[in-house]
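An overview of the molecular structure
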Amino acid sequence: MITIAAVDDDRMLLTGLRAWLAPVEGVDLIATAATVPEFLALHTTVDVVLLDLNLRDGSSPAANVRALLGRDVAVLVVSTIPDAEHVLATIEAGAAGYVTKDNDLPALVDAIRDVAAGGAAVSPELAFVLSTDRRPERPRLSAQETLVLRTYASGATLQATARRAGIAYGTAREYLERIKRKYTDTGRPTRTKLDLVDRVREDRLELHGLDNPPD
Amino acid sequence: MPVSAEQVRMPQPAAPPVVWTVPGAPTSGPEGQTGRRLPDPATAPERTRALIARMVAVLRIVQLVPWPLAVALGSLTGVQNTGLAISTYAVQTAWSLVWVAVVLWRRQIPAWAMGADLAVAAAALVAAGMACNPIDATSWANSAVAPAVSSAAAAATTWRRGYGVPTGIALAGAYVVGISRGIAVSAARVIPSGAGDAASMVIFSLVAGIAAGYLIRQAEVTALAATELAEARARIAAEESRDRERARQYRMLHDTVLSTLSALARGGLDPSDPLVRQRCAADADYLRGLISSGGVSSGNQLQGELAAVGRSQAALGLRVHVHCADVPVDLPETVVRSIADATREALNNVIKHARVDQAWVTALASDGAAPGVLVTIADRGRGFNAAAGSAGLGLRDSIGARLAEVGGTATVDSRPGQGTSVELRWPG
């Protein structure tokens, strides 16, 4: 049984969601809250939190994700409209996936199961946001990764995506997860001085290649 | 043998290419009141530089004429070393012809040609001065003076920023070296006329530099004004087209979302009625398609059209997810219409053949250098064997032909059980 909580400031939507998920086997919505602090105050343990992207309490979407990750839950971000800037911020903050609220019930339940199992929920809408990311600080994707991401973002099936990239079905899935992981890694700050030294060394290697090996 | 052709290319009849124009902006150069075509103001600086280069080249040819004339009319008496005088003139003339050819051909004075020309002019000033009788070194017998003045002027028009005058002074210095024997023999006779020649080299370069600088600056001002005017016209045209599109979208919102919400608010409708829910979902999809990512593209005609096409398919039971990013705002009207019609046709095919109730429409700026668009219509339905080319009824005619009419292309990718993707690309 996967236990979930929903954080959304739209009461009507929470009521609808409860009724919607009630008949679904293996998924149990056990808590709802209007804000992240309100949810944290409940001290309820769940596997997955459905987090509304833009809460009206003015909180930052990325900060909300980080606060929830402190409770060791998987965060699935949901919103009415894929507001690219904030979707990217939540993914970089460590959210496990993103879906728009217009998805049908099976698609939502699939995404919940994916993130509860420790995977990523790369919906076509999330793939679209990632594939149209033009920020200079975006992670570097290989040509093959870009092709997989773009094809999947167009709404094509994963089978068709894999065939067009000339790779196996399972490999295409791995590509999508790897791309999402690159975003999470981008968002992770350089924590220690040792990390920093490592990064500088990597950058140097990238700059000079192996032309000047140490004596 | 495996089938390798993955995509069926739509037949593309020869069609006139669509010309990318901004409504209201002139499509060619402006015309004078007499109907005579005026040159494009944007190229004014370039044309002015070419004109100056031509004038400088003509001046050089003219400056080479006096010495042979003077010699023919009897001034040869001023020449002491005839061999040196003639060979100096011959070398400078030969080089000058090369230089003039380069300047006329390139329509400007290349830096290397200017440098070489000044070196030749300076050497000629020394040699020609030495070849004359000392006291005649400042007379017409000195063949290098006139070409040196034209070199100084040319250098000043090429290197306007302060190098003109120093160049003139350097040439004057070479001149003084050439006539130094004359100064030693008869300072009173040689210095006044020599000073006049030296001063004319400096002053010519100063005046030429100022005049060329003024002309080029005026041309640049003209070009800038012309560019700004064209940009302002394009901005106004784009603004008007956005306003039209916004008005159209408001009408559509009134007919869909607003009337649905009003009907619900009045009461009496059962919100769980499948028909009511279908209509609400369709309206929500339409709004989502319009707003897309962050609402930056309000008034984008293609985006509005695609959202409206998706909304119209909802009545037939198909939910369409529309995602747009970076779509160019100023696509030609005919292109937007063709893409919208082709999209509707592709969605009709989804309804008829795919046996699913969802489809995706994505629109992106295409990768090419020119502004273009790539629209993909994808479903996750039954699919068919696109490589065999037998299926895909309606794809070839109604979709491929529509795109071909405006210079675009359509490709279809499908396999049994893997859904279908139709890609519309403009320009093709």
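For every chain, the first residue of the written sequence is number 1, and numbering continues from 1 along that sequence. To read the labels, note that chains go from A and ligands from 1, taken in the order they are written. Where totals are concerned, whole chains, interfaces and linings use all residues; where local detail is concerned, this predicted model gives features only for residues with pLDDT of at least 70, and gives and counts side-chain atom pairs only at 80 or more.

**Re the overall build of chain A**
Check the secondary structure of chain A and you find 10 helices and six strands. Taking the contacts inside chain A whose residues are at least 6 apart along the sequence as the reference set, 63% of them involve residues at least 24 apart. Helix numbering and strand numbering both begin at the N terminus, where a helix is a DSSP run of H or I of at least 4 residues and a strand a DSSP run of E of at least 2. For every residue pair, C-beta atoms are placed from the backbone, and the pair is scored as a contact if these atoms sit within 7 Å.

**Things to note about the sheet that holds strand β2 (residues 27-33) of chain A**
Residue and element names in this part refer to chain A. In spatial order, the strands read β2-β1-β3-β4-β5-β6; together these six strands make up an open sheet with parallel pairing. The strands lining the two open edges of the sheet, one partner per strand, are β2 and β6 (121-122). Only strands that DSSP links by at least two bridges are regarded as paired with each other. Sheet topology places strand β4 (residues 74-79) next to strand β5 (residues 97-100); four bridges connect them, and they run parallel. Its bridge partner lying in β5, valine 78 is registered against valine 99. Seen against the sheet, helix α1 (residues 11-21) touches β1 (2-7) and β2 and runs at an angle of roughly 170° to β2. With axes taken as lines fitted to C-alpha atoms, and helix axes fitted only over the stretch in contact, angles between N-to-C directions fall between 0 and 180 degrees.

**A word on the packing of helix α6 (residues 164-178) of chain B against helix α8 (residues 187-266) of chain B**
All names here are of chain B. Between α6 and α8, whose axes approach to 8 Å, the crossing angle comes to 165°. On the basis of the axis angle, α6 is roughly antiparallel to α8. Here α6 runs over α8; the crossing is right-handed. Facing α6, whose interface residues are Gly164, Val165, Thr167, Gly168, Ile169, Leu171, Ala172, Tyr175 and Val176, α8 presents Asp197, Ala198, Met201, Val202, Phe204, Ser205, Leu206, Ala208 and Gly209. Of the residues contributing to the contact of α6 with α8, the split by class is 12 nonpolar, five polar and one charged. Angular relationships are summarised with four words: roughly parallel below 35 degrees, roughly antiparallel beyond 145, roughly perpendicular across 65 to 115, and oblique for the angles in between. The hand of a helix crossing depends on one turn: near helix anticlockwise from the far one by less than a right angle means left-handed, and clockwise means right-handed. Three residue categories are used. Nonpolar comprises Ala, Val, Leu, Ile, Met, Phe, Trp, Tyr, Cys and Pro, charged comprises Asp, Glu, Lys and Arg, and polar comprises the others, including Gly.

**What to know about unusual backbone geometry**
All names here are of chain B. Cis geometry is adopted by the peptide bond preceding proline 427, which originates at tryptophan 426 and carries an omega value of -5°. Secondary-structure assignment places proline 427 in the segment after β6 (420-426). Of note in the backbone geometry, arginine 107 takes a positive phi value of approximately 60° without being a glycine. Relative to the helices and strands, arginine 107 resides in the loop between α3 (82-106) and α4 (111-131).

**Section: helix α10 (residues 301-314) of chain B**
Residues and elements named next belong to chain B. One less than the residue count of a helix, multiplied by 1.5 Å, gives the span that helix is expected to have. For α10, built from 14 residues, the straight-helix expectation of 20 Å at 1.5 Å per residue is met to within 8% by its first-to-last C-alpha distance of 20 Å. Exposed residues have 12 or fewer other C-beta atoms within 10 Å of their own C-beta, buried residues have 20 or more, and residues in between are partly exposed; the C-beta atoms are placed from the backbone. For α10, the tally of buried residues reaches 11 of 14 residues, placing the bulk of the element in the interior. Listing the buried residues of α10 in full gives Gln301, Leu302, Gln303, Gly304, Glu305, Leu306, Ala307, Val309, Gly310, Arg311 and Gln313. Residues of α10 that are buried make contact with α8, α9 (274-291), β2 (319-325), α11 (333-354), β3 (358-365) and β4 (373-379).

**A few points about the pairing of β4 of chain A**
Residues and elements named next belong to chain A. For β4, the tally of buried residues reaches six of six residues, placing the bulk of the element in the interior. In β4, alternate side chains face the same way, and those of Ala74, Leu76 and Val78 on one face and Val75, Val77 and Ser79 on the other are all buried. Sheet topology note: the strand β3 (residues 48-52)/β4 ladder contains five bridges and is parallel. By the bridge assignment, leucine 51 is partnered in β4 with valine 77. Classification remark: right-handed applies to a crossover when, strands pointing away from the viewer, the course from the first strand over the helix to the second runs clockwise. For the handedness criterion, the β-α-β arrangement of β3, helix α3 (residues 61-69) and β4 is classed as right-handed. Traced from β4 through helix α4 (residues 84-92) to β5, the parallel crossover comes out right-handed.

**Looking at the packing of α3 of chain A against α4 of chain A**
All names here are of chain A. At a minimum axis distance of 8 Å, the contact between α3 and α4 shows a crossing angle of 25°. Regarding the angle of α3 to α4, the classification is roughly parallel. For α3 against α4, the interelement crossing comes out right-handed. Counted together, Pro61, Ala62 and Val65 of α3 and His86, Ala89 and Thr90 of α4 form the full contact between these two elements.

**Focus on the confidence of the model for chain A**
The predicted coordinates should not be examined in detail at positions where pLDDT is low. pLDDT runs from 0 to 100 and stands for how confident the predictor is about each residue. In the predicted model, chain A carries a mean pLDDT of 87, and the fraction of residues at 70 or more is 87%. Within the model, the stretch residues 206-215 of chain A combines pLDDT values under 50 with zero contacts to residues more than four positions away or in other chains.

**A closer look at the confidence of the model for chain B**
Residue and element names in this part refer to chain B. In this model, chain B carries an average pLDDT of 81, and 85% of its residues clear a pLDDT of 70 or more. At the low end of the mean pLDDT range in chain B sits strand β1 (residues 8-9), at 42; at the high end sits β4, at 95. Every residue in residues 1-35 scores below 50 in pLDDT, and together they form 57 contacts with partners more than four places removed in sequence or on other chains. Across the interface, the model reports ipTM at 0.82; the global pTM reads 0.61.

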